[in-house]
Amino acid sequence: MERGRVRRRWLKALLLKALDLLHLKKVELSLYITTDQVIRELNREYRGKDKPTDVLSFPIGEKVGSFTLLGDIVISWDTAKKQAKEYGHSTEEEIKRLALHGLVHLLGYDHELGGEEERKFFSLENYLLSELSHIAPWSWGANFLKRKNS
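Residues numbered from 1 in each chain as written. Predicted model: local features only at pLDDT ≥ 70, side-chain atom pairs only at ≥ 80, totals over all residues. Heavy atoms only, no water.

## Some details on unusual backbone geometry
What counts here: Secondary structure elements follow DSSP: runs of H or I no shorter than four residues count as helices, runs of E no shorter than two count as strands, and numbering proceeds from the N terminus.
Of note in the backbone geometry, histidine 23 takes a positive phi value of approximately 60° without being a glycine. Within the fold, histidine 23 resides in the loop between α1 (8–21) and β1 (27–34). A positive phi angle, near 55°, is found at lysine 26, a position not held by glycine. With respect to the element layout, lysine 26 can be found in the loop between α1 and β1.

Written out as structure tokens, the structure is:
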């Protein structure tokens, strides 16, 4: 990431690889990176919480032709940057963590339910984080995309 921008190819490669690991074919999702102000408005409107958050997921799960629309993931750049400092890793790593967290929510898991559902959620999230730990924005993306789309 340079000057507050996320490398799109890297994020696309990350999410495509995550979908591949989960054996999900013909699915579509969107990822939107925004500010604390915008995510606060979304959090207030859709969850009744008048405060910024790090990531929101909006599952759709609708079939359109031969594709399934998984839904939308929204990440706050501002919060990701703050959390990266708190956790002692890069903003890139935090964006990766939040994107995968959002993806697990799109798949229908909800850690806020607690118990077995929480265990399943974090088990899947940790699996993805572990399997994708080698994907760095400065060394990954373009070659994977060329192979996938050929």
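## Some remarks on the side chain of aspartate 36
Heads up, the condition is: Whether two residues touch is decided by their heavy atoms; if any such pair falls within 4.5 Å, the residues are in contact.
Mapped onto the elements, aspartate 36 comes out in helix α2 (residues 36–47). Excluding anything up to four places from it in sequence, aspartate 36 contacts Pro52, Ser76, Asp78, Thr79 and Lys82.

## A few points about the pairing of strand β3 (residues 67–76)
Here is the rule: A pair of strands is considered paired only if DSSP assigns at least 2 bridges between the two.
Note that β1 and β3 share 8 bridges and pair parallel. If you follow isoleucine 33 over to β3, its bridge partner there is isoleucine 75. Two elements, strand β2 (residues 55–64) and β3, share 8 bridges in a ladder whose sense is antiparallel. From the neighbouring strand, phenylalanine 58 faces β3, where its bridge partner is aspartate 72. Linking two consecutive strands that pair antiparallel, namely β2 and β3, is a turn of 2 residues; a positive phi of about 65° is found at glycine 65 within it.

## Remarks on the side chain of glutamate 125
Definition in use: Summary of the burial criterion: residues with accessible area below 20% of their type's maximum are buried, those above 50% are exposed, and those between are partly exposed, where the area comes from a 1.4 Å probe applied to protein chains only. Positive charge is attributed to Lys and Arg, negative charge to Asp and Glu, and no charge count is given to His or to the chain ends. Should a side-chain nitrogen of Lys or Arg be within 4 Å of a carboxyl oxygen of Asp or Glu, the pair is scored as a salt bridge.
Looking at where glutamate 125 falls in the secondary structure, it is placed in helix α5 (residues 115–131). We note that glutamate 125 is buried and unpaired, the nearest opposite charge coming from arginine 97 at a distance of 5.0 Å. Filtering out sequence-adjacent residues up to four positions away, glutamate 125 remains in contact with Arg97, His101 and Val104.

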